[in-house]
Amino acid sequence: MKTDARIEDLMSRLTLEEKIGQLWQVTGASPENQELVRQGKVGSVLNAIGADAIEFQRIAREESRLGIPLIIGRDVIHGFRTVMPIPLAQAASWNPAVAREGARVAAHEAAAMAINWTFAPMVDIARDPRWGRIAESCGEDPCLAAAMGAAMVEGFQGSACATSLHGPRSQRGRARRRLGKPGSIAACAKHYVGYGAAEGGRDYNTTLIPERTLRNIYLPSFLGCVEAGVVSLMSAFNELNDIPASGNAFTLRQVLKKEWKFDGFVVSDWTSITEMIAHGYCADEAEAALAGLRAGVDMEMVSASYSTHLARLLEQGRVKPEWIDDAVRRILRIKLMLGLFDRPIQPEIPASVILPEEHRAVARQAALESCVLLKNDGALPWTGKGHVAVIGPLADAARDQLGCWAFDGDVAAARTVVAGLREALGPDRVIHSAGLPDARSSDRSGFPAALAAAQQAEAVVLALGEDAALSGEAHCRAFLGLPGAQEALIDAVHASGKPILAVVLAGRPLTVGGILPKVNALLWAWHPGTMGGPAIADLLLGRAEPVGRLPVTFPRAAGQIPLYYNQKNTGRPPRTEQHGAPEGTPLDPKDFTSRYMDVDYRPEFPFGFGLGYTTFAFGPTQAPAAAPAADGLQVRATVTNTGKRKGATVAQLYIRFLSGTAARPVRELKAFRRVTLDPGETADVVFDLGFDDLAAWSADMTWDAEPRPVQIWIASDSTGADAAPACVQLR
Ligand code: GLC
């Protein structure tokens, strides 16, 4: 029977109570929840895996009246037992294949434990490193986040084909072709929408986002996932322009379901429906249920307002029957697409699939491509013959390097920095001294031993950063320096005079200006997952090339935030010669420009930045002098490896409209591609830009590429400093 026919057959047999049951997701494998499933009062569970999930599914299929299977969710965010680098790190690879492969492996391992739905990818645009959930994001840019998010959807849902950043819209739904096949699980783009714009970078805080900014900056990454074929979205906690995102009919019904024609379903975030009372938006749980369903949230996670109040609200005429029926149809459609009626559990994937060598290889490659080299005075790659002292609280921190949302990760399988270097150099050449008990400790009693280790070695690897507990949901920071006494540890080890190769493991950008002069090299490893140690060792020793580029801007000071590359120019942009207000310099009385007096107005490191072990030169960007926007245009530049080693760079294409009916940012990333070249080799990098790449929501809220001059760079990072831009007159 065709899907729609099966849906209508079920709809004709479901009672109102059973329909409302499909709209409720409960958490945990309790007997009470099992009974609710038996009574047909629940359509989904989260946080039940393996045997618990299988038993839930058995009860649903064999003991409930209509035998409708459960969709079983879990936060499989960046891996399951084999943990991949955090999503922010994966975005730093600028390689959608890294995200797709990581999601594919995670789906296989999760499906083996009877999970058929993950609450990922998180594609919130994150411009504020104070926000702990920046770790889960794909960074600050709509183009990069859309590409990485779509690739994760393909990996989880089992796309048959790779996505190209500019894949034709005809690839819509490409990530549904293998849904229901062994190893594929439903994905869930979250948190819809604007969650990352929390005021002050404080989690769950208010967001105020004008519609044009919403559509130009915060919605595109979700549209990318919808176009890829994601089958569910999760509504967010935050209030958006005075209306909570989980009760926001404009974003849910108007944009997602009407404009984008989304045919999957929307699940709320954890109790985000009843939290609309605390928001001061709903008077009570009955009104919260009404607001959520009316706005277009189809399934309520954990809180029970739908289950408790929808029948009465229907009776009172406040809820329309079609709202309930539409929600049930959406959920049944996805359960049918997942094949759950015919095969509620994927027996083909034995539990032994967990953590095989192939999955570790995927995790290692992802970590290799995610690390970003931020400083190197030539100390890297390290080719010494003597001992290496590995010092710091993150040197042997198996749990911490897995990062946030890794509770299913196999900590025992995690290979740390110390383990990676011992494997690469031999245990006898690696001296380990933590220096500090943990990342947040101020206990300096370990400093003498750390200094002694440094003095015995030819070079020092300093493994610093944030423990996993400082990252993720509700873990926001007002100060962004290295926690505890880590900077003092650097000073203590610096006294040894040995080369310091610093590696930072963290879930966000940190302010590192104070340590830069004291280290010879700085490798940003994020929280790199199960195989972080061997990957970091390969990079430090030159067995692999650092290819990562920053997916977020690194500020010099938290006081600069919000600081992101695609900012507006303002009417008084800072002049290039102004670099803060060093002591003793007279403040320029004529300096009426947009900057801080006490810090350089530029970021510490810009979006798109990263070094390798060779150098590259970009030729001038070439494009037609004029072009009709409707036809698009071709843009090209040469890239030459001007160094002595084979290496890779990421050619990044940015545009800037110099004027418009609505002012445009000073840069907008529209395309990117990694280019690998031998020493002396030159390649021609060509990008085809279509109308949608040039368009934006204009002053009258139309999607338009206005007939005005547009600058175009193909460059190595968002400053465009190493590329002469072309200027195209659009017609
Ligand atoms: C959490 C998070 C969300 C997660 C959900 C289920 O509060 O906001 O990202 O998927 O609850 O754990």
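Which residues make up the overall build of the protein chain, and what values do they have?
What the protein chain contains, in helices and strands, is 20 helices and 26 strands. Taken over C-alpha atoms, the radius of gyration comes to 26 Å for the protein chain, in line with the 27 Å a tight globule of 731 residues would show. Along the first, second and third principal axes, the C-alpha set of the protein chain runs to 75 × 65 × 45 Å. Here the protein chain, with 731 residues, has 62% of them falling under the buried criterion. Sequence-distant contacts in the protein chain: of pairs separated by 6 or more residues, those separated by 24 or more amount to 76%. Placing the 75 positive and 81 negative side-chain charges of the protein chain at their respective mean positions leaves the two points 3 Å apart.

I'd love a proper account of the pattern of salt bridges, names of residues and values included.
Scanning the entire structure with this criterion turns up 41 salt bridges. Across the pair Arg133 and Glu136 runs a salt bridge whose closest N-O atoms are separated by 2.6 Å. Note on Arg133: relative accessible area 1%, which makes it buried. When its relative accessible area of 0% is taken as the criterion, Glu136 is described as buried. Residues Arg508 and Glu466 are paired through a salt bridge, measuring 2.7 Å at the closest nitrogen-oxygen approach. Remark: Glu466 occurs in the loop between strand 14 (459-465) and helix 18 (486-494) and Arg508 occurs in the loop between strand 15 (500-505) and strand 16 (521-524); sequence separation between them is 42 residues. The residues Arg508 and Glu466 share a single accessibility class, namely buried.

Account for the environment of Thr274, naming residues and giving values.
By the secondary structure assignment, Thr274 is in the loop between strand 9 (265-267) and helix 11 (275-278). Considered as a pair, Thr274 and Gly292 are 18 residues apart in the sequence and their alpha carbons are 8.9 Å apart. A polar side-chain atom of Thr274 sits 3.3 Å from the main-chain carbonyl oxygen of Thr271.

Rules used in this analysis
- Residues numbered from 1 in each chain as written.
- Predicted model: local features only at pLDDT ≥ 70, side-chain atom pairs only at ≥ 80, totals over all residues.
- Heavy atoms only, no water.
- Helix = DSSP H or I, 4+ residues; strand = E, 2+ residues; numbered from the N terminus.
- Rg over C-alpha atoms; globule rule 2.2 N^0.38 Å.
- Buried < 20%, exposed > 50% of the residue type's maximum accessible area, 1.4 Å probe, protein only.
- Contact = heavy atoms within 4.5 Å.
- Lys, Arg positive; Asp, Glu negative; His and termini not counted.
- Charge placed at Lys NZ, Arg CZ, Asp CG, Glu CD.
- Salt bridge = Lys/Arg side-chain N within 4 Å of Asp/Glu carboxyl O.
- Polar contact = N/O pair within 3.5 Å; in protein donor to acceptor, adjacent residues only side chain to side chain.

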